[in-house]
Amino acid sequence: MSIPEILGLIFGVIGTGIAIYQTAVINESKKRKHELQYLLAGINAAANQKQMAWQNQISMLNPTTKEEFEVAQVYVRARDDITEVATLSSALEGTIDSNNSAILSMMDKYKVITDKSNEVSENAPPMPETPKNTNM
């Protein structure tokens, strides 16, 4: 074998190896993008839950003093900050695959679970009444 043939063989093997590697990277990145989408969707769901919790705290406030007003401001700021996290995670999730939303998929799944839970609750037998203690 001559040197050009050996070099051609080496470059051919290297080229084939690169092509195999690129195919593996592409396939793995497709898998990873869905994992990342669901991670961001989970962050979004947690942030939305926390936003509602802060809103509930805010709705119970009735500040009358300066200190209570400052506490209310902190609560509002916390709610607004967590809203930004929810918005950012939603935007990032959408940039990964704009045709398939993990957030919508999780919401649909949650709705199905809630509907089934409600159906089970409606069909459940009534709870027996507890006997009253007459020895008092």
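Residues numbered from 1 in each chain as written. Predicted model: local features only at pLDDT ≥ 70, side-chain atom pairs only at ≥ 80, totals over all residues. Heavy atoms only, no water.

Caption draft 1: Expanded view of the overall build of the protein. Looking only at helices and strands, the protein has 3 helices and 0 strands in total. Taken from the N to the C terminus, the helices and strands of the protein come in the order α-α-α. Computed over its C-alpha atoms, the radius of gyration of the protein comes to 29 Å, more than 25% above the 14 Å expected for a compact globule of 136 residues. Across the 136 residues in the protein, those meeting the buried criterion constitute 11%. Within the protein, counting contacts between residues at least 6 apart in sequence, those at least 24 apart form 71% of the total. When the accessible surface of the protein is split by element, carbon and sulfur atoms take 62% of a total near 11200 Å². Each charge class in the protein was averaged separately, 12 positive and 16 negative side chains, and the resulting centres sit 3 Å apart. (Helix = DSSP H or I, 4+ residues; strand = E, 2+ residues; numbered from the N terminus. Rg over C-alpha atoms; globule rule 2.2 N^0.38 Å. Buried < 20%, exposed > 50% of the residue type's maximum accessible area, 1.4 Å probe, protein only. Contact = heavy atoms within 4.5 Å. Areas by Shrake-Rupley, 256 points an atom, 1.4 Å probe, with all protein chains shown as cover. Lys, Arg positive; Asp, Glu negative; His and termini not counted. Charge placed at Lys NZ, Arg CZ, Asp CG, Glu CD.)

Caption draft 2: Examining the side chain of Gln37 more closely. Along the chain, Gln37 turns up in helix 1 (residues 3-59). Polar contacts involving the side chain of Gln37 include one to the side chain of Glu93, which spans 2.9 Å. (Polar contact = N/O pair within 3.5 Å; in protein donor to acceptor, adjacent residues only side chain to side chain.)

Caption draft 3: Structural detail: helix 2 (residues 66-96). In a regular helix each residue adds 1.5 Å, so 31 residues correspond to 45 Å; helix 2 covers 46 Å between its end C-alpha atoms and thus fits that length. Buried within helix 2 are the following residues: Ala72, Ala78, Arg79, Ala86, Ser89 and Glu93. (Expected span 1.5 Å × (residues − 1).)

Caption draft 4: Examining the confidence of the model for the protein more closely. Mean pLDDT over the protein: 82, with 94% of residues reaching 70 or higher. When pLDDT is averaged over each helix and strand of the protein, the minimum, 81, is found for helix 1 and the maximum, 88, for helix 2. (pLDDT = per-residue confidence, 0-100.)

Caption draft 5: Molecular detail of the pattern of salt bridges. What the rule picks out here adds up to 3 salt bridges. Notably, a salt bridge pairs Asp81 with Arg77, separated by 3.1 Å at the nearest N-O pair. Of this pair, Asp81 and Arg77 are both found in helix 2, 4 residues apart, which corresponds to roughly one turn of the helix. Given a relative accessible area of 55%, Arg77 falls into the exposed group. A salt bridge links Arg79 to Asp80; the nearest nitrogen and oxygen atoms lie 3.1 Å apart. (Salt bridge = Lys/Arg side-chain N within 4 Å of Asp/Glu carboxyl O.)

Caption draft 6: How the structure looks around a nonpolar patch on the surface. Taken together, the side chains of Ile6, Ile10, Phe11, Ile14 and Ile18 present a nonpolar region at the surface, about 460 Å² in accessible area. Its place among the elements puts Ile14 in helix 1. (Patch = residues over 30% accessible without salt bridge, like charges linked within 9 Å, V, L, I, M, F, W, Y side chains within 5 Å.)

Caption draft 7: Broad picture of the layout of surface pockets. By volume, the largest pocket amounts to about 290 Å³. Contributing to the lining of the largest pocket are Ala41, Asn44, Ala45, Asn48, Gln49, Met52, Ile103, Met106, Met107, Lys109 and Tyr110. Elements represented by at least two residues in the lining of the largest pocket include exactly helix 1 and helix 3 (102-123). With 6 residues, the single largest contributor to the lining of the largest pocket is helix 1. (1 Å grid on protein atoms, 1.4 Å probe; cavity = no way out; pocket = protein on both sides within 12 Å on 5 of 7 lines; lining within 4 Å. Points joined across faces, edges and corners; volume = space filled by probe spheres on them.)

Caption draft 8: Spatial organisation of helix 3. Between its first and last C-alpha atoms helix 3 spans 32 Å; for 22 residues at 1.5 Å apiece the expected length is 32 Å, and the two agree. Backbone nitrogen of Ile103 and a side-chain oxygen of the N-cap are separated by 3.4 Å at the start of helix 3; the cap is Ser101.

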